[in-house]
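Each chain, letter by letter, is given below.
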Amino acid sequence: MNKKVAILGASGYTGAEIVRLVATHPDLEIAALSAERKAGMAMGDVFAQLGHLDLPDLVRISDVDFQQVDLAFLALPYGLSHELVPGLPDHVKVVDLSADFRFRDVADYARWYGREHKAPKIQPTVAYGLPEIYRSEIAAARITANTGCYVATSLLPLIPLVRAQVIDPHPIVIDAKSGVSGAGRALRESSLFCEVNEGFSAYGIAHHRHMGELDQELSLAAGAPVTPSFTPHLVPMSRGMMATIYVDGDADAVHETLAAFYSDAPFVTVLPLGKAPSTSHVKGSNRCHIGVVADRAKGRTIIVSVLDNLMKGASGQAVQIANIMLGLDETAGLKLAPIFP
Ligand SMILES: NC(=O)c1ccc[n+]([C@@H]2O[C@H](COP(=O)([O-])OP(=O)(O)OC[C@H]3O[C@@H](n4cnc5c(N)ncnc54)[C@H](OP(=O)(O)O)[C@@H]3O)[C@@H](O)[C@H]2O)c1
């Protein structure tokens, strides 16, 4: 029998992407969709491209019958999930796309997000949602915190390398770029066409919130504090994310380690040594492509990692996690090839 899911925040970009994936998933069925300002509307009136699907209308979260739900995707702004999750029935599994449960220490959440954590007792039970690294923890968890999108792009290459001590974690420099959908669908001046089009800007320099997650996971992998340099940039494209990462380490060893680590991974491809990927190679898919190139200076290596921020950076990975948590085939509903051009 199909597992029933609720998608909270279905009128947002990541929520709608989960709807798109679940609509053709062989083992999942949509039981409820929620919105806030758009509650009461039909999904097809909010996203015309989904109008042909037979979907429930958008309701407020308080009107969702969680007794009918096996798993809830929480595609909500940060600050809501840690208030909502403690009140959910125990049988409901949760994949949270926000930052609310990503910090292993709630003091780090307060430090990076400027507000106190409301569910500190639940936090130790939460799995960190990077399936390629934490698959068994995710399989055993009731709640999983999907990674940040920049964080997934960066950690997929970096964690195996830091764990294997193939690179020196001091320094790691991450130069990252995102499409505009990374900021969500809610109206924001900084996301307007004239602010974004024909321009390319860095933001959050030396203080972007995803640094907290990067520090946490790289330090855990290294067994000692690691503080990478990280600068995100906004690129005038709808979706796509790239991290160009500069490390101290031999390119052959870096490539060999990553190729071996991901040899059986369904969604991660390590390109032949010397080749670099483009965001257009993974658009619309749950894939991450990683390129490794030897720098001119001996002993330095440049890694280029790309994914679709709405897919492997958010909703695709969330469905991958749900598959693992529900004991389904990890790739179910996610075998889509990338869209090109
Ligand atoms: N966009 C990405 O690439 C990306 C990647 C990774 C992680 N994330 C994370 O995923 C989460 C969702 O992001 P998004 O980009 O999908 O955001 P979004 O497009 O702004 O959508 C937010 C959703 O939450 C609902 N919502 C807003 N305020 C609410 C409230 N007070 N109570 C209940 N529902 C409320 C909205 O409903 P209305 O439309 O009715 O207001 C909408 O459905 C965020 O935490 C974000 O950081 C996003």
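The shown structure was predicted, so the numbers you read here are calculated from the model rather than taken from an experiment.

## Notes on the packing of helix H6 (residues 149–163) against helix H8 (residues 210–222)
Then, in step 1: Two elements in contact, H6 and H8, have axes separated by 10 Å at closest approach and are oriented at 15 degrees. Viewed along their axes, H6 and H8 adopt a mutual orientation that is roughly parallel. Helix-helix and strand crossings are classified by hand; for H6 and H8 the assignment is right-handed. For the pair formed by H6 and H8, the contact residues are Cys-149, Tyr-150, Val-151, Ser-154, Leu-155, Leu-158, Ile-159, Val-162 and Arg-163 on the first element and His-210, Glu-213, Leu-214, Glu-217, Leu-218, Ala-221 and Ala-222 on the second.

## Describing the side chain of His-82
Then, in step 1: Structurally, His-82 is set in helix H3 (residues 81–84).
Then, in step 2: Reaching out from His-82, the side chain makes a polar contact with the backbone oxygen of Gly-79 at a distance of 3.5 Å.

## Digging into the pairing of strand S14 (residues 300–307)
Then, in step 1: With seven of its eight residues buried, S14 lies for the most part within the structure.
Then, in step 2: Relative to S14, strand S13 (residues 288–294) runs antiparallel, the two sharing seven bridges. Bridged to Cys-288 within S14 is Leu-307.
Then, in step 3: Hairpin connection between S13 and S14: a loop of five residues separates the two successive antiparallel strands, and Gly-299 in this loop has a positive phi of roughly 85 degrees.

## Some points on the site of the ligand
Then, in step 1: Every one of the 29 residues lining the ligand counts as a neighbour, but Ser-11, Thr-14, Arg-37, Leu-76 and Arg-185 are closest to it.
Then, in step 2: Interatomic distance of 3.2 Å between a backbone N/O atom of Gly-12 and an oxygen atom of the ligand.
Then, in step 3: One of the backbone N or O atoms of Gly-182 is found 3.5 Å from a nitrogen atom in the ligand.
Then, in step 4: Notes on the ligand: free accessible area 910 Å², of which the protein chains cover 83%.
Then, in step 5: Elements with a contribution of two residues or more to the shell around the ligand: helix H1 (13–23) and helix H10 (311–325).
Then, in step 6: Two domains share the shell around the ligand, each providing at least three of its residues, namely domain 1 (3–147 + 312–325) and domain 2 (150–309).

## With respect to the side chain of Thr-153
Then, in step 1: Mapped onto the secondary structure, Thr-153 falls in helix H6.
Then, in step 2: Aside from chain neighbours lying at most four places away, what touches Thr-153 is Met-241, Met-242, Ala-243, Ser-305, Val-306 and Leu-307.

## Topic: unusual backbone geometry
Then, in step 1: A cis geometry characterises the amide bond from His-170 onward to Pro-171, with omega recorded as 0 degrees.
Then, in step 2: In this fold, Pro-171 is placed in strand S8 (residues 168–178).
Then, in step 3: The linkage connecting Phe-340 with the following residue, Pro-341, adopts the cis geometry, with an omega of 0 degrees.
Then, in step 4: For Pro-341, the position within the fold is in the segment after H10.
Then, in step 5: Within the chain, Glu-198 stands out as a residue other than glycine whose phi angle is a positive 60 degrees.
Then, in step 6: Looking at where Glu-198 falls in the secondary structure, it is placed in the loop between helix H7 (193–196) and strand S9 (201–202).
Then, in step 7: Within the chain, Ala-206 stands out as a residue other than glycine whose phi angle is a positive 65 degrees.
Then, in step 8: Along the chain, Ala-206 falls in the loop between S9 and H8.

Here is what the cut-offs are and how they apply
- Sequence order as written defines residue numbering, which begins from 1 separately in each chain.
- A pLDDT threshold of at least 70 governs which residues receive local features in this predicted model, and a stricter bar of 80 or more applies before side-chain atom pairs are shown or counted, although totals over entire chains, interfaces and linings include all residues.
- By convention in this description, side-chain values take in all heavy atoms of the structure and omit both hydrogens and water.
- Every axis corresponds to a line fitted to the C-alpha atoms, with the helix fit spanning only the stretch in contact, and the corresponding angles, defined between N-to-C directions, vary from 0 to 180 degrees.
- Put simply, DSSP H or I for four residues or longer makes a helix, DSSP E for two residues or longer makes a strand, and each gets a number counted from the N terminus.
- By the definition adopted for this analysis, an angle is roughly parallel if under 35 degrees, roughly antiparallel if over 145, roughly perpendicular if from 65 to 115, and oblique otherwise.
- Two helices crossing with the near one rotated counterclockwise from the far one by less than a right angle form a left-handed crossing, whereas a clockwise rotation gives a right-handed crossing.
- In this analysis, two residues are considered to be in contact whenever any of their non-hydrogen atoms come within 4.5 Å of each other.
- Pairs of N or O atoms within 3.5 Å make up the polar contacts considered here, provided that, within protein, one atom can donate a hydrogen while the other can accept it, and that residues adjacent in sequence are counted only when both atoms are side-chain atoms.
- Burial here depends on accessible area, computed with a 1.4 Å probe over protein chains only, as a share of the maximum for the residue type. Under 20% is buried, over 50% is exposed, and the range in between is partly exposed.
- Being paired, for any two strands, means DSSP has found at least two bridges between them.
- A single heavy atom is enough: if one lies within 4 Å of a molecule or strand, its residue is considered near that molecule or strand.
- For the area figures, the Shrake-Rupley method with a 1.4 Å probe applies, and any residue is considered shielded solely by the protein chains shown.
- Just so you know, the domain bounds were taken from an automatic or database domain assignment.

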